[in-house]
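# Structural description and commentary
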Amino acid sequence: MLRNPALKTVHAATQRFVTSQVRNYSRRALTTLAAFPDLRMETMVQTTTKHGMDVIHDPLLSKGTAFSLSERERLGIRGLVPPRTQEMDKQLQRIIRNLRECRTPLEKFIFMTALQDRNETLYYRLLIDNLEELSQVIYTPTVGEACQRFHSIYRRSRGMYFSSLDRGQMAAMVHNWPHDQVDVIVVTDGSRVLGLGDLGANGMQIPIGKLSLYVAGGGIRPTSILPVVLDVGTNNESLLNDPLYLGMGHRRLEGDEYYSFVDEWVHAIQNRYPNALIQFEDFKYPHAYNLLHKYQDKICCFNDDIQSTSAVALAGVLAALKARGKSIDNLDEERIICVGAGSAGVGVCEGIIDCMVEQGKVKSREEAYSKIWMLDQHGLIGNSQLGATDGTTPAPIGLGDRANLDERQLCYLKKDMKDRMSLEDVVKAIKPTVMLGLSGAPGVFTEGAVRAMADGVEKPVVFPLSNPTHQSECTAEQAFKWTDGRAIFASGSPFKDVEFKGKICKVNQINNAMSFPGLGLGVTVSRASRVTGKMFMETAITIANMASEEQLKSGVLFPGVAQLREVSKEVAAKVCEVAYDQGLARAQLPPGSNLKTVIEESMWNPSYVSLIRLADH
């Protein structure tokens, strides 16, 4: 405390001067960015009206032990933190040492969550510096267990919940979120979490994890993200009967009641955050498609399971063509089996179909559909009039019990093949070059099916894409063993490289994180009003072309997660180009600017900046 009145006067005058300079700086910064409205640009200072313990307990402001002496004085925290100032490098040493002492992936998840809850700058610095390792902790595969146990390990609220109790109140509720600018929203109803099914409000860990990757991989600012759960109930009996479950204890809303609930939320978000990108995540089939169809031409949104998965899977298939010495323009020559007819399976196949049509080597979309054979839980989607494989009497007319298939699934029905053929029988009949798994059924890629595939092609492309790891259609070791080490392999969750007969067989990961952070960055920088199919196709082609010829020969299809920020820059640049070409971009680039430079400079980078306290008026 200053006792000398003269010093008090000087101190007060100094504070007024600093405050005025910061405000003037902020106004100049906003004026400079007016032509290019991306307010995530990093500044030299950060201002706050908070004081004392409120600063320490705010994860967006806290520096832990790294507050300078002058910051401690002006923020009123002198004596409230240990006296020795330690910068971020020392903090990282401490954090990594403690992280290594965690015994299980779930313990590491809880540790990382606690770090995020107290110091987001340090959390993201750690995550970016160790992205390949820690992405597996904060997202797949560990996030699956974290979702299942969310109600047991809950510590602190993050994100927003809109429940069946809130109908009619959502337009007011959105103003409870403390940040006036939101660039990206990830929303789930928890109805189909990874391959684990209905987890209700426990699905909140998915938006939180996805948005962490938007920040770490795409440079979106932590203050500009919003994780959301739409709690419309759950049909999971174990959760309904668990007294610790934190979500609504009734069965799911369905039909018009469900869609009107979602519509109210969309309108509420659009009212406060009209420029935000909305990512629909882990919605069950057919809600996923119905919501995408309803909103994709009205607001800036996409479905991650349908479109991001499709883009990265397409990138893998195109890169696999290159790895076999072919051009990506030869996609129409592939014979593709897809095991899984839900939103992810149909979405991936539709992306492949779109690319075939775009390449112009098929005469029609119907011809493109003839290149893909789709199986659901019963087997091949085929012609029931030809008879079932078990010898039962064929349906005399129509689709028999396949009448429940929707129009998207019916596009893949094979009129010249028996309905419900097994995977192995289909493989032997068509000799596929590519086998995709999006079923959530572990082990469905049987030894017989994979060996039969390897008998027909030199380098079989085997992509078991279901998450988490224990839901995978086969393991990497099985795929290489059953193909005598010849497979080109990629999975949804990470597997380690496999040593087979003295050779290291490379494992790739078809990870949506290679797509959505760059897409979100591109949409945010361009202020695109819509997300289009062309953006996803260009994303896929960009990723497919990133591996070197040497990498492709060794079985590596594209860069790993460790290079995610570099991948995101390339993807964002292509998404921006598409947005400007299609007339969807609302941001004006500064004259003479380089798009990639603008993108790179707009990416948030976690580092401590000076904190200035403003008077609270």
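For the structure itself, consult the block above.
In this text, all values refer to a predicted model and were calculated from it rather than measured experimentally.

Turning next to the sheet that holds strand β14 (residues 488–491). Spatial strand order, β9-β8-β7-β12-β13-β14-β17: 7 strands in an open sheet with mixed pairing. Here the strands that pair on one side only, and so sit at the sheet edges, are β9 (379–380) and β17 (507–509). Helix α15 (residues 304–323) rests against β12 (434–437), β13 (461–464) and β14 of the sheet, and its axis sits at about 160° to β13. Helix α16 (residues 343–359) contacts β7 (336–339), β8 (372–376) and β12 of the sheet and is inclined by roughly 175° relative to β8.

Take the pattern of salt bridges next. On inspection of all chains with the given rule, the structure shows 38 salt bridges. Here Arg158 and Glu120 are joined by a salt bridge, their closest N and O atoms 3.0 Å apart. Placement of the pair is Arg158 in the loop between α9 (150–153) and β2 (160–163) and Glu120 in helix α6 (residues 120–129), with a sequence separation of 38 residues. Put simply, Arg527 and Asp183 hold a salt bridge, and the shortest N to O gap is 3.1 Å. Taken together, the positions of Arg527 in the loop between α22 (516–526) and α23 (533–544) and Asp183 in the loop between α10 (170–173) and β3 (184–188) put the pair 344 residues apart, joining distant regions of the chain. When its relative accessible area of 1% is taken as the criterion, Asp183 is described as buried. Through salt bridges with shared partners, a single network forms among Asp117, Glu120 and Arg158.

Taken as a whole, this structure holds 13 aromatic pairs when the rule is applied. Ring centres of Phe150 and Tyr154 lie 5.8 Å apart, and the angle between their planes is 80°; this geometry places the pair in the edge-to-face category. Taking relative accessible area as the criterion, Phe150 reaches 5% and is therefore assigned buried. Their ring planes at 90° and their centres at 5.0 Å tell us that Tyr369 and Tyr412 sit as a pair that is edge-to-face. On the criterion of sequence distance, the pair formed by Tyr369 in helix α17 (residues 365–369) and Tyr412 in the loop between α18 (407–410) and β11 (414–419) is long-range, its members being 43 residues apart.

About the criteria used
Residues numbered from 1 in each chain as written. Predicted model: local features only at pLDDT ≥ 70, side-chain atom pairs only at ≥ 80, totals over all residues. Heavy atoms only, no water. Pairing = 2+ DSSP bridges. Helix = DSSP H or I, 4+ residues; strand = E, 2+ residues; numbered from the N terminus. Contact = heavy atoms within 4.5 Å. Axes fitted to C-alpha atoms, helices over the stretch in contact; angles between N-to-C directions. Salt bridge = Lys/Arg side-chain N within 4 Å of Asp/Glu carboxyl O. Buried < 20%, exposed > 50% of the residue type's maximum accessible area, 1.4 Å probe, protein only. Phe/Tyr/Trp six-rings, centres within 6.5 Å; stacked < 30°, edge-to-face > 60°.

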